[in-house]
Every structure is written in C-alpha cells, then in structure tokens.
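# Geometric and topological summary
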Amino acid sequence: MSAKHKKIKVLDLFSGCGGLSFGFESVGFEIVAGIDNWDDALKTFQENHKNAKAFNLDLGNPDINKIKKDIGSVDVVVGGPPCQGFSISGNRDLNDPRNSLYKGFVKIVKAFNPKVFVLENVPNLVSIGEGKIKSEIIKDFEKLGYEVKYKVLLASDYGVPQNRKRVIFVGVKEKNNFVFPETLFSNNKDKVTTADAISDLPDKDLEDGTLLVKKPLSKYQKNMRAINSKIYNHKITSHDQKTIDIISLVPDGGNYKDLPEKYKNSRKVNIAWTRFNSTKPSPTIDTGHRHHFHYKYNRVPTVRESARLQSFPDGFIFLGSKTSQYKQVGNAVPPLLAEAIGKNILKLFN
Ligand SMILES: C[S@@+](CC[C@H](N)C(=O)[O-])C[C@H]1O[C@@H](n2cnc3c(N)ncnc32)[C@H](O)[C@@H]1O
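Every value quoted in this text rests on a predicted model; they were computed, and no experiment measured them. (Residues numbered from 1 in each chain as written. Predicted model: local features only at pLDDT ≥ 70, side-chain atom pairs only at ≥ 80, totals over all residues. Heavy atoms only, no water.)

Right, let's talk about the overall build of the protein for a bit. Across its full length, the protein holds twelve helices and eleven strands. Here the C-alpha radius of gyration of the protein, 21 Å, is about what a compact globule of 350 residues would show, namely 20 Å. With respect to the three principal axes, the spread of C-alpha positions in the protein is 55 × 50 × 40 Å. Every one of the 350 residues in the protein was classed for burial, and the buried ones make up 53%. Here the contacts in the protein between residues at least 6 apart in sequence split such that 65% fall between residues at least 24 apart. Distance between charge centres in the protein, computed from 54 positive and 38 negative side chains, equals 2 Å. (Helix = DSSP H or I, 4+ residues; strand = E, 2+ residues; numbered from the N terminus. Rg over C-alpha atoms; globule rule 2.2 N^0.38 Å. Buried < 20%, exposed > 50% of the residue type's maximum accessible area, 1.4 Å probe, protein only. Contact = heavy atoms within 4.5 Å. Lys, Arg positive; Asp, Glu negative; His and termini not counted. Charge placed at Lys NZ, Arg CZ, Asp CG, Glu CD.)

Here we take up the site of the ligand. What surrounds the ligand is a group of 18 residues, the closest being Leu20, Asp36, Asp58, Leu59 and Val333. In this structure, an oxygen atom belonging to the ligand sits 3.3 Å away from a main-chain N or O atom of Ser15. Asp58 places a side-chain nitrogen or oxygen 2.8 Å from a nitrogen atom of the ligand. Computed on the free molecule, the ligand has an accessible area of 610 Å², of which 87% lies beneath the protein chains in the complex. Split by residue class, the shell around the ligand holds ten nonpolar, six polar and two charged. (Near = heavy atom within 4 Å. Polar contact = N/O pair within 3.5 Å; in protein donor to acceptor, adjacent residues only side chain to side chain. Areas by Shrake-Rupley, 256 points an atom, 1.4 Å probe, with all protein chains shown as cover. Nonpolar A, V, L, I, M, F, W, Y, C, P; charged D, E, K, R; others polar.)

Moving on, we come to helix α1 (residues 19–26). For the α-helix, the turn length of 3.6 residues means that residues three or four positions removed from each other point alike. Burial analysis of α1 places six of its eight residues in the buried class, which makes it a mostly covered element. Next to the buried residues of α1 lie β1 (9–13), β2 (30–36), α2 (39–48), β4 (76–79), β5 (116–121) and α12 (335–346). Two residues or fewer past α1, Gly28 is found with a positive phi of approximately 115°.

So, in structure tokens, the structure goes:
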C-alpha cells in the first residue's frame, strides 16, 4: 500500500459498542483498538470491527506503558469519557475519583501524542459553571500542545432520525484547521423522520437473521439495509395490560399531557408516556428506560428500531442480554454523526 493510501489510525477510548468507531471506519479510518471496561459492549465492538483489538481495561487507572506497547502508534484518539465529577457550579476537583476517567483520557492523549483528538460528551458540559468546565478542558489540552475547537452538534442535522445533541471537542497539534461539518438537513421538513427510519420493521419478534422481504419504504431504510438485509435484535417487549391501556390513549407524537387526569402523573418524569412522532426525528434514544413508545404500536421500540434511530445499519449486530443491548445502543454516538465529523478530520491528513 502506498503512503498516499495508508489509512489513518484511530484509538477509541470508552469505545462502548463502537458507534463513534463505526462512523470513522465508514469514511476510511483504520480502527486500531477500542478500550472499555464493559465486556458485552466490547464483544459487540469486536463483532463489528473485526480488524481492531478490543481491550477490557479500567481507564480510570490506565497502565499507559502497557497500553502503548499493545497498541503502538496512532494518528487520532477519540472518545467520550464519563464526566460525572464536573459539578453544575463549574468547580472541578481533579482529585475527585469521578474525574479519574477524564484524567485517563488526557493521560492517554499525552502518551500517544496523536495529531488529532476528538472528545465527545453531553452538551451541557459547555454551559455548566458559565463555561468554566469547557475552558478548563481546553486549557488541559493546550498544555499538551493542541489547539482546540468545540461545537454542539445536533444529530438530525446530519441525517440521523433523532434530535440528539452532543458537544464535540477537536484538538489538533499546533494549528487547528478543522472545520465542523456543515449541516446537511437543517430544514425541519427535510429531516429523516421516525417513520422513515422504522416503518418497515414489523410488530412481531423476528428470529435473528430473518431476511426482510418487505421492500424498503424510504431512502433511509434502503441505506440502513445496504450492508445486510437480514434483521437481528428485533425482539418485542411485552408490557403489562395497564401499560398497554395507558399508552394506547396517547396519539402519535403525544405524551403524558394527552392522558386523562387519573394517569397524567402516573410516572414522575417529564418524558413520561412519550410516543415518537412519526413525522419528526425521535427524541434522544435512552438506554432502555421505557418512557418512549413506538409512534404506532403500544410498546417501546425494539433494540433494532432504536439502533435504526441511532443510524446503525442493520448489519451492525448487538451482543449480550436485551437490557445490555438497549444500553449499548443508547450510549452510542450515532454513526452518521461520527461519519460527518470523521470526513472533515480526514481532510486534516490530506
Ligand atoms: C457514552 S459510552 C461510549 C459510547 C461510544 N463512544 C459509542 O459511540 O458507542 C461511555 C463508555 O464508557 C465506559 N466506561 C465507564 N467507566 C469506564 C472505565 N472506568 N474504564 C473504561 N471504560 C469505562 C462505559 O462502559 C461506556 O461504554
């Protein structure tokens, strides 16, 4: 392989099942390794990134020398460290054990010294403490010689049928010429809807590996099926009769506010009894809390339906228990959002 065609190597920290990796791989990066401390997610990661290594390690206390020895050099480090230790007031005590994961990310970037790093996280990281946390993060990486840019991106602007927001920090050694991707679908009426995403999936269990005979009903469904028209992870959750009776009272796109008084406060969360709106992208997919229901059927979405809403193609198979699969899907960076970011990172290497 000529130097021109040499793939850019990526290390994924806190990789989970590999949503971020999958998007990067799809646009031409080589995923060298994923590190996480969750076995099920790593099995899924390995299943869908056959050429990468998967390491089960505690990134709160990384043995940097061993990691470097096992992985070698990389060009890009990506990852979304859980940041529970950053308080609403903007104070952050780096000795707080809950900050050890963020510190682990910084230590690994320092040790690998990649040209680029990408740090993904929940959007309120930018606003908490009037932006103090965000500025501290930027400073930490500036000390390592990176120029850092950040932006909150909305997944549905990039073809994902979901209004999920994530903040993305991109650091480049010395001069940062990275440009955040332009929105592809900024007009609400052009966005991919939940119906575009899942209307071809039936209201019944499918044995893993079932071939979908029904033709795709949208361009999005066609794309999701491109690699594999066999369906996995489509097991219907059966609810108790009371749940079915209550959710059947909520219309397409409605929520607890549409319920009669006696049920309105039956669940004490503001996202309770939400039915997806078939004509809009879905709200942020959760990790299996059972508050979001199918726009048409009286049940929560299956793992495969949730995966479609996260833009995982049907060929991406989730392993582990059903509960674990929901969590893996809900935790992930939507691959199409990762693709959009990855495409512009690739330009930094040309
Ligand atoms: C938000 S998820 C990452 C999702 C992933 N980027 C994707 O796109 O699929 C965060 C991950 O951090 C992992 N994690 C939490 N604590 C960890 C630790 N101490 N060491 C390694 N990984 C950890 C979790 O298991 C979880 O998979």
